[in-house]
Amino acid sequence: MSAMFEGNALSALQTTHCPPQSNYSPQELALEIKAFISGVDQTKGRKLSVRDHARCAVRLLRTVPACRGAVLEHLRGVYDEYVAAFFQDLEAESDSGSNSTTGGTNPNVSNLEDVIKEIHAVLLEFIRLNPKAWAPLVSSWAVDLLGQLSSKHAGRRATPHSSSLNELLQLWMSCAATRSLMECYSQCLAAMLAWCPDACVDALLDTSVQHSPHFDWVVAHIGSAFPGTIISRVLACGLKDFYAHGYPSGEKSTQLQAIDKASRVPKIGSVVGILGHLASRHSDSIKRELLRMFQDSLSPPPQNAPPSTGTAGWENSPHLRRATVPFLLQLAALSPTLLGAVSAELVELLRPPVLLQLQSQFQGLPREELENMLGLAVHLISQSPAGGARVLRFLADTATPASVIISGPTPSPHDGVREACDRLLQMLLLHLHKLVYNRPEGDEPYSHTTSSIAMPRVIPFLEELQAHVGELCAETLRLERKRHLWLHQLLCLLSVYGGPSIATEALCQLLTQARNPEELALASQLHSPLSSSIPGLLPSAVARCVAQIHTQNLNSRELAQLLNNLATAVQSQEEDCKAGGSTAGSSLHSSMAAQVGAAVSSHLHDFCPLLLHGDTMVSRAAARLLSCSQLPRACSPAHLLLISRAAVAHFFIALQHRGEGLKIGGQSGGEAVGYSMRLLSRLAAYSSLMLKAVLQQLVEGALHKGNRELFGGQREGPGEDGAPLPTLGPDLGVSLLNINCKFGTTVNFSGSVWSVFHAGVIGKGLKPPHTPSQSDADKVNQNMQTLLAAIVQCCSSGGGVSCSNGSGTGSGNGRYNHAGETISDEPSPINAEAAKVIAVALVENVCPDVANGELSWPPEEHAKTTVERDIHIRRCFEANPVLFHLLRVVAAGRPALCYCSAVLRGLLATLLAHWEASREPSVLDSPWHLQASCLLVSCMGEGQLLPPVLSNIHEVFPHLSPFEVRLLLLGVWEYMRGNSPMPQKFTFSAEKGVFFRDFSRDGDVARYISPIHSVLHKNIDRLGHLCWRFQI
């Protein structure tokens, strides 16, 4: 006992600051000491109970400071007995299943609870009054006792596993004894932080090392109260333990190598548990400490720094500094929470100087150890829950060869650093490949029992990259050396991992963002490996593109780019077929082109509105796509009519832009017209319904007032369209009252027969003269030829006879020039039914009130009853020169010209009236009427409405007088009256494939050519060389 008192003697300074002692006589103190030592009441002679013995110890602690060591040692048993009773109560309650409180089932707990409170109050009073004397003693005693209790009762049934830190903390804090010890230690630590923090924290960590992992709940709770102190020292303790146990370095001292590692447990698991518990409230502090630890391990050590013996002096040890990065990697591998906290900020720290320091630090490591570190880094990257896109960008930028210009201010990295990042990136791709395809790691054999039911594993790195598919596609399309290969491989793995949705989005992004064929080839390279595992990928991608169009997520440039890329993909199939490619690459490419074509074909009704897009670049791209796409085998008439209207409207818009000389998006106006013509030909070849719709709309469009000038037509004069006439001068605000006042002093409003009232001036004078606009003759001729070529091409396609799916290009005897327009090598036969459609459309647009049955011609005098209609027909021909060319097309498709009989009759009637009223000496003074007369007779002859003798009279018109021209045209009228233009008079020739008319069945033609002979005889000096043309 004397030895115990001697080891705990107080100094004079300490005793003077003790709490006031109770007034006990020396005899009473001697009795208390004897009772405490023997455990027997000295007055009654009976053995003291645990409760009474504890109270005796507390009285000695208050009155005899020299006994404090023995008293604290005795109180260990009191606390131990309370904790044992506490766990017994929990286990009994668990066995019985009752809901009673713990204090009611075990009397030891209730008997000692007030003693524990009394001890707790005494210790806190000592610490408050004299912290320098009592805080070190109580802190070491409390933390050691907590460690012993945690280890002793760790195996109890009521104790959770050590890995369940939160449950363990809740259990121990519900016990009054351990809660009292924790509060005492916290008060000691708070008092010692100002002047001696190391002693208290070192005792805590030493106990943690001795009793870990059962003691981790204490460290976690203390860390929550003092995070700044505990976190750094826990990390330093974990680093030293990692270097001693888990870091395979040959630079360890022989003393550390001689330690039996089997007898010691690595503490990195405890470090992870403690930091994981603190991360819920102190994640920022942990993150700052981890980053500081990483930076300090790479920065040069302080000069002339004394060696530190504490737990936080690792900065001065070169071995520990070299082990810091592997320790942090291992720490992050064991805790996803810590990995997510530092991964994003750590990438920002990896600047070229830091990378060089890392390279120099690990340059001398063995190859096996270096490979292990790289493998661990790859594992951490794949499991990183946040910042994956930033990590990938850093690796790609650092590993990119020096010959590639990296965007941004990042300087070119060192060659060694670049090679290391290249190696790391390749290992990452290989690791992701194994994870995505569920392949075993390393040399692990496949498990035949679980391979078929293996669940897909979650890869946080790829999960985070799914939100950056668009950025990843954009970086891939930059086609930088090696970089785009890595990103393309990663994009393929991401598509397989993410399933159809991610694969569809990736393919859609590539189709949208590709700017040239080389970039577009990446879409085919992505589709090739994915097509076998993801069925229906291309149709889904095209459907997603259509959805982007409907939601207007793309601007005009991106939309035109997407349409051009789809058109290029579809056209590649035709190019492969023409080239006769049979290689594997060409077959894969053609397979993708066929699928794109089929997918686009099913969405033609979604693409056709883009033909009328306000941006010319988009409309031209849409025309290119639709012109090379197959029409679906089954399509509703409503969709077909919608497509035909948009195609015809775009055709005339393309003609206008070609006239303006616009070159947009790398395409000239001629190319756009060529695409439109090809589209119209495909539509006309689809079915007879589409042929009729296209031809009708072409005729209507050519005669529309907005398109007249394209074909040399005249604008409507002022007031012809019902619009008000423009005023020639400003409105002067004329008043009728003022005008009438000029005729007298007053105005007579009596209303009698003698009253005069001036009603003002009606009108504003003569109408302004209408001057027709002068169009460029070359452009008009070019537009006219293009329109006729498009119509002839549609008429020659057969209306579904030659190609049921609209894949034909129209004329089989034609070729395309550099602008995409058709150049016919020889005239193609005009389909009679198509020509009839044009004829009916002409009659409906020129003279809507004419019935289709008016084919017979009345006497010439009957024209007086249809003067108004005939004048309207003549004005239409004057305003639309294209009508004569359309009549030529109709005439070529015999017998379709018969259905234009009413229009021909009305035009001929106005010409007869003009020549009859003309008093000019020569027909050359009426150029339009002369031209109209010649073209009319020529068309009627070509359509075989007139025999050859009468159809040649237009050759002599320029040499005759107006009266003679009327005389000859009157003979034409009489012939048409006697031989009505009926389609039944035409016979089909199977050899030539056309209809023809046998004029010998119509009777004698001589009586109709006698006026011709008279005119020839009169002008024999000028027309003698043409007499042979009028012989029967």
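Residues numbered from 1 in each chain as written. Predicted model: local features only at pLDDT ≥ 70, side-chain atom pairs only at ≥ 80, totals over all residues. Heavy atoms only, no water.

Engineer: Looking at this structure, I do not really get the pairing of strand E6 (residues 994-997). What am I missing?
Structural biologist: Direction of pairing for strand E5 (residues 986-989) relative to E6: antiparallel, over a ladder of four bridges. Bridge pairing in E6 links Ser-989 to Val-994. From the end of E5 to the start of E6, which pair antiparallel, there are four residues, and Gly-993 there has a positive phi angle of about 75°. (Pairing = 2+ DSSP bridges. Helix = DSSP H or I, 4+ residues; strand = E, 2+ residues; numbered from the N terminus.)

Engineer: How should the confidence of the model for the protein chain be read in this particular structure?
Structural biologist: Taken over all residues, the pLDDT of the protein chain has a mean of 76, while the share at 70 or more is 77%. Of all helices and strands in the protein chain, the one with the weakest mean pLDDT is helix H1 (residues 2-6) (34), whereas helix H41 (residues 927-942) scores best (91). Taken together, the stretch residues 404-410 has pLDDT below 50 and engages in seven contacts with residues farther than four places along the chain or on a different chain. (pLDDT = per-residue confidence, 0-100. Contact = heavy atoms within 4.5 Å.)

Engineer: Would you mind showing me how to read the nonpolar core here?
Structural biologist: Nonpolar side chains in soluble globular proteins generally cluster together in the buried interior. Membership of the largest hydrophobic core comes to 291 residues, with the highest contact counts inside it found for Trp-141, Leu-331, Phe-461, Leu-462, Phe-607, Phe-651 and Phe-957. It is helix H15 (residues 268-298) that provides the largest number of residues to this core, a total of 13 residues. The contact partners of Leu-331, leaving out residues within four places of it in the chain, are Leu-235, Ile-268, Val-271, Val-272, Leu-275, Leu-290 and Leu-338. (Core = buried A, V, L, I, M, F, W, Y, C linked by side-chain atoms within 4.5 Å. Buried < 20%, exposed > 50% of the residue type's maximum accessible area, 1.4 Å probe, protein only.)

Engineer: Can you walk me through the pattern of salt bridges in this structure?
Structural biologist: Once their charged atoms are close, side chains differing in charge can pair, the charge on each being opposite to the other. In total, this model carries 24 salt bridges according to the counting rule given. With its nearest N and O atoms 2.4 Å apart, the salt bridge here joins Glu-480 to Arg-478. With relative accessibility at 28%, the residue Arg-478 sits in the partly exposed group. The partner of Glu-942 in a salt bridge is Arg-888, and the shortest N-O contact between them spans 2.9 Å. With a gap of 54 residues between them, Glu-942 in helix H41 and Arg-888 in helix H39 (residues 882-892) connect regions that are remote in the sequence. (Salt bridge = Lys/Arg side-chain N within 4 Å of Asp/Glu carboxyl O.)

Engineer: I would appreciate a short explanation of H39 in the present structure.
Structural biologist: An α-helical segment advances 3.6 residues per turn. Residues three or four places apart therefore align on the same side. Taking burial as the measure, the 11 residues of H39 include eight buried ones, the bulk of the element. Regarding H39, the residues found buried are Val-882, Leu-883, Phe-884, Leu-886, Leu-887, Val-889, Val-890 and Ala-891. Of the surrounding elements, those touching the buried residues of H39 are helix H34 (688-703), helix H36 (777-796), helix H37 (832-846), helix H38 (867-879), helix H40 (901-917) and H41.

Engineer: Hey, could you run me through the packing of aromatic side chains in this one?
Structural biologist: The description of an aromatic ring pair rests on the distance of the ring centres and on the angle between the ring planes. On inspection of all chains with the given rule, the structure shows 11 aromatic pairs. With a centroid separation of 5.7 Å and an interplanar angle of 80°, the aromatic rings of Phe-86 and Phe-87 are classed as edge-to-face. By relative accessible area, which is 7% here, Phe-86 ends up buried. (Phe/Tyr/Trp six-rings, centres within 6.5 Å; stacked < 30°, edge-to-face > 60°.)

Engineer: What's the story with the packing of helix H25 (residues 500-513) against helix H27 (residues 537-551) in this structure? I'm lost.
Structural biologist: A pair of packed helices is captured by two measures, namely the crossing angle of their axes and the spacing between those axes. Between H25 and H27, the shortest axis-to-axis distance is 8 Å and the interhelical angle comes to 65°. Here H25 runs over H27; the crossing is right-handed. Residues Ala-503, Thr-504, Glu-505, Leu-507, Cys-508, Gln-509 and Thr-512 of H25 form the contact with H27, whose own contacting residues are Leu-537, Leu-538, Ser-540, Ala-541, Arg-544, Cys-545 and Gln-548. Of the residues contributing to the contact of H25 with H27, the split by class is seven nonpolar, five polar and two charged. (Axes fitted to C-alpha atoms, helices over the stretch in contact; angles between N-to-C directions. Left-handed = near helix turned anticlockwise from the far one by under 90°. Nonpolar A, V, L, I, M, F, W, Y, C, P; charged D, E, K, R; others polar.)

Engineer: It is not clear to me how helix H3 (residues 26-38) should be interpreted in this structure. Could you clarify?
Structural biologist: A rise of 1.5 Å per residue sets the reference length of H3, with its 13 residues, at 18 Å; its end C-alpha atoms lie 18 Å apart and thus fit the reference within 8%. For H3, the full list of buried residues reads Glu-32, Ala-35 and Phe-36. Looking straight down H3, one finds that the buried residues subtend no more than 100° of arc, so they occupy a single side. Exposed positions of H3 whose direction lies more than 90 degrees from the buried face are Pro-26 and Gln-27. The inward-facing, buried residues of H3 abut helix H4 (50-63) and helix H5 (68-96). Looking one or two residues past H3, Gly-39 carries a phi angle of roughly 75°, positive in sign. (Expected span 1.5 Å × (residues − 1). Arc of directions from axis to C-beta.)

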